[in-house]
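Reading the structure
Residues per chain are reported as follows:
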Amino acid sequence: MNLFSYDINEKFKKSVAYFSMEFAIDQSLKIYSGGLGFLAGSHMRSAYDLKQNVVGVGLLWSFGYYDQSRNEDRTLKPHYTRKFYYFLEELEQKVVVKINNVDVTVKGFLLHSEVFGTAPVILLSTDTDENDYLSRTITHKLYDGNQRTRVAQEIVLGIGGAKMLEAINHKPDIYHMNEGHALPLVYELYGKLGDMNEVRKHVVFTTHTPEAAGNETHDIGFLHEMGFFNGVDLHHVRTLSGYEHDNHFSLTVGALRSAKIANAVSKIHGIIANEMWSGVDGRCEIISITNSQNKKYWTDKTLIRALDEHEDYEVLARKKHLKKVLFDVVADQTGKMFDPEVLTIVWARRFAEYKRPGLLKYDYERFVKLITDTQKPIQVIWAGKPYPTDYGAIEMFNELIQMSHHFKNMAVLIGYELSLSKLLKQGSDVWLNTPRITREASGTSGMTASMNGSIHFSIDDGWNPEFAKHGKNAFTIPPLDYKLPNNEQDRIDNKNMMDILEETIIPTYYGDPKEWVVIMRNAMTDVEIEFDSGRMATEYYERMFNI
């Protein structure tokens, strides 16, 4: 079966299957939750732009991640709605995977390249009449909170994905695991090749996070019972995976031992990942390939045209127009009328404790003084999706909503998906990023903000050190000792952040608009090449696929 509607570039002719639990490709295709999906979506777009021999493999989530709505008191309400996608082609081929000793039918759907301008993507579903209800629910919700369902999803992605490619007679040279979720594919390949050294020649792996929650660990007996190892005898699995004496099976460690090469997602993350996994015997080399985003998708074309024509007045005028577009959403959701002349700060990404969405208000008295200043006013917008059962993160979200009732220039938006994300990046002046240092592997939202002239104001972590020139194209909160207690880190980072806001950012925006435009222009220019996903997609071929 020919999956491609374009002629493959000879430079990228090696066949690659890119396995990812989520893809953020278009607002209408709700099969993603956050950064991992945003990254995968941009990768697929750049694979199309470069005419690479890449096919995506993912899962077709019947209910998506969740729809973000509000309760009567305006607090967060996760909502689940069944999705239908008439632009996908249902494939004739179906495959069967064994999960918990039950045969589960997996059907496939093809997202054709021309629909959204991406590499072709095959999406798998168990939500089909051949299966019992429990089996159908495997692909209902992305990152299901039930452990058995979660492992079943990984089996469908890895084993089901590899089998589906075989069923349609598509034979990849390289299987790229975007995070460890697809690890079962290694055992499907082992069943075909019979030699783990041969399997390694065809597998590469991207590790995305130093966070424990992103590096799954399960009891090896439980995984074997579920069918994670594709029927390979448990004693043999222990030998193959290096888990002879340890029952706590890490998907990340399993992937590092099964791939010919792996990559971290920024230069700093490369250092951290190598330190983190230094004690793992038999692991592959970990290099760094910094994440990036697809400029063609994310940027406002009129803003870029003004930049290219060196028209500062047009850059400012377009930015104010984009702010008005965003502020229509703010008014619609919150009843607040924001002013396009006022400095607008946005914090928007997945809500999680280590990302510290509330750092701006840590010194509440100082925050109130800042947000009630009428001489040099600011407007602040928060948006993002907490994990639906992360009640601590949901509490942070709701606390900000309650606070926002007291300030007409503070808004908390719902529906943080691709469309709103694009509006926020195009319509903000400052993009605030506040993770605890060493905890952000890459972070790509600041890249797409910078592409649209929203100045990245960030902890010096992830991709930021590779890009930021403080006061020239970004603003950077000075690094501190990551070994300090969390409360002390919060206190110091908040003080440094507020000092920069009050002494540099706000005075520059209001007192030296020409300099502000220079910083905007520098940000848009400096981010253009190194942090466009075309560079990343090329680098994967040169440094991982073709070796």
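Residues numbered from 1 in each chain as written. Predicted model: local features only at pLDDT ≥ 70, side-chain atom pairs only at ≥ 80, totals over all residues. Heavy atoms only, no water.

1. Points about the sheet that holds strand S17 (residues 430–433)
In a beta sheet, neighbouring strands pair by backbone hydrogen bonds and run either parallel or antiparallel. With respect to topology, 6 strands assemble into an open sheet ordered S16-S15-S14-S17-S18-S19, the strand pairing being parallel. Both outer strands of the open sheet, strand S16 (410–413) and strand S19 (474–477), are each paired with one neighbouring strand and no more. Neighbour-to-neighbour, the strand axes of this sheet turn through a mean angle of 20 degrees, independent of strand direction. On top of the sheet, helix H16 (residues 418–427) reaches strand S14 (343–348), strand S15 (378–383), S16 and S17; it is set at about 160 degrees to S15, its chief contact. Of the strands in this sheet, S14, S15, S17, strand S18 (455–459) and S19 touch helix H19 (residues 486–511), which is tilted by about 160 degrees from S19. (Pairing = 2+ DSSP bridges. Helix = DSSP H or I, 4+ residues; strand = E, 2+ residues; numbered from the N terminus. Axes fitted to C-alpha atoms, helices over the stretch in contact; angles between N-to-C directions. Contact = heavy atoms within 4.5 Å.)

2. A closer look at the packing of aromatic side chains
In the structure shown here, the tally under the stated rule is 30 aromatic pairs. Pairing Tyr-85 with Phe-87 gives two aromatic rings, centres 5.7 Å apart and planes at 55 degrees, and the pair type is tilted. Its relative accessible area of 13% is what places Tyr-85 among the buried residues. Judged by centre distance (5.1 Å) and plane angle (75 degrees), the rings of Phe-351 and Phe-397 are edge-to-face. In this pair, Phe-351 sits in the loop between S14 and helix H14 (364–371) while Phe-397 sits in helix H15 (residues 391–404), placing the two residues 46 residues apart along the sequence. An identical accessibility class is assigned to Phe-351 and Phe-397; each is buried. The rings of Tyr-187, Phe-228, Phe-229, Tyr-243 and Phe-249 are connected pair by pair, giving a single aromatic cluster. Directly above the ring of Trp-298 sits Lys-425, whose terminal nitrogen or CZ lies 4.2 Å from the centroid. (Phe/Tyr/Trp six-rings, centres within 6.5 Å; stacked < 30°, edge-to-face > 60°. Buried < 20%, exposed > 50% of the residue type's maximum accessible area, 1.4 Å probe, protein only. Lys NZ or Arg CZ within 6 Å of the ring centre and 35° of its normal.)

3. Re the packing of helix H1 (residues 35–49) against helix H21 (residues 533–545)
Axis separation between H1 and H21 bottoms out at 9 Å; the angle between their running directions is 80 degrees. Here H1 lies roughly perpendicular to H21, going by the angle between them. On H21, the residues touching Leu-39, Ser-42, His-43 and Ser-46 of H1 are Ser-533, Gly-534, Met-536, Ala-537 and Tyr-540. A per-class count over the contact of H1 with H21 returns 4 nonpolar, 5 polar and no charged. (Parallel < 35°, antiparallel > 145°, perpendicular 65-115°, else oblique. Nonpolar A, V, L, I, M, F, W, Y, C, P; charged D, E, K, R; others polar.)

4. Some details on the sheet that holds strand S9 (residues 203–206)
Read from one edge to the other, the open sheet built from 9 strands follows the order S5-S6-S7-S2-S1-S8-S9-S12-S13, with strand pairing classed as mixed. Edge strands, defined here as strands with exactly one partner in the open sheet, are strand S5 (89–99) and strand S13 (285–288). Strand after strand, the sheet turns through a mean of 25 degrees between neighbouring axes, direction not considered. Relative to strand S12 (residues 261–264), S9 runs parallel, the two being bridged by 3 bridges. Bridge assignment links Val-204 to a residue of S12, and that residue is Ile-261. The strands touched by helix H5 (residues 184–193) are strand S1 (16–19), strand S8 (174–178) and S9; relative to S8, the strand with the most contacts, the crossing angle is about 160 degrees.

5. What about the packing of helix H13 (residues 312–334) against helix H20 (residues 513–526)?
Running from N to C, H13 and H20 cross one another at 85 degrees; their axes reach a closest spacing of 10 Å. Judged by the inter-axis angle, H13 sits roughly perpendicular to H20. Here H13 contributes Asp-312, Val-315, Leu-316 and Lys-319 to the contact with H20, which in turn contributes Val-517, Met-520, Arg-521 and Met-524.

6. Some remarks on empty space enclosed by the protein
In the structure shown here, the tally under the stated rule is 2 cavities of 30 Å³ or more. Empty space within the largest cavity amounts to approximately 80 Å³. Lys-30, Tyr-32, Tyr-66, Lys-385 and Glu-417 are the residues nearest the centre of the largest cavity, which is lined by 13 residues in total. Residue classes in the lining of the largest cavity are distributed as 6 nonpolar, 2 polar and 5 charged. Volume-wise, the second largest cavity comes out at about 30 Å³. Taken together, Tyr-187, Met-196, Leu-240, Ser-241, Gly-254, Arg-257 and Ser-258 make up the full set of residues lining the second largest cavity. When contributions to the lining of the second largest cavity are tallied by element, the ones reaching two or more residues are helix H8 (234–241) and helix H9 (251–258). A per-element tally of the lining of the second largest cavity places H9 first, with 3 residues. Considered class by class, the residues forming the lining of the second largest cavity number 3 nonpolar, 3 polar and 1 charged. (1 Å grid on protein atoms, 1.4 Å probe; cavity = no way out; pocket = protein on both sides within 12 Å on 5 of 7 lines; lining within 4 Å. Points joined across faces, edges and corners; volume = space filled by probe spheres on them.)

7. Observations concerning H14
Think of an α-helix as turning once every 3.6 residues; residues three or four places apart then point the same way. All of the buried residues along H14 are Arg-366, Phe-367, Leu-370 and Ile-371. The buried side chains of H14 occupy one side of the element, clustering within an arc of 125 degrees when seen end-on. Exposed and facing more than 90 degrees away from the buried side of H14 are Glu-365 and Lys-369. The inward-facing, buried residues of H14 contact S15, H15, S16 and H19. (Arc of directions from axis to C-beta.)

8. Quick look at H19
Helix length check: H19, at 26 residues, gives a terminal C-alpha distance of 35 Å against a target of 38 Å (1.5 Å per residue), a fit within 8%. A maximum bend of about 40 degrees is found in H19 at Leu-501. (Expected span 1.5 Å × (residues − 1). Bend = angle between axes of the 7 residues up to and from the residue.)

9. Re the environment of Gly-427
Among the structural elements, Gly-427 can be located in helix H16. You can call Gly-427 buried: its relative accessible area is 0%. Taking the C-alpha atoms as reference, Gly-427 lies 32 Å from Lys-51; in sequence the two are 376 residues apart. Not counting the four nearest positions on each side in its chain, Gly-427 is found in contact with Lys-319, Leu-322, Lys-323 and Leu-326.

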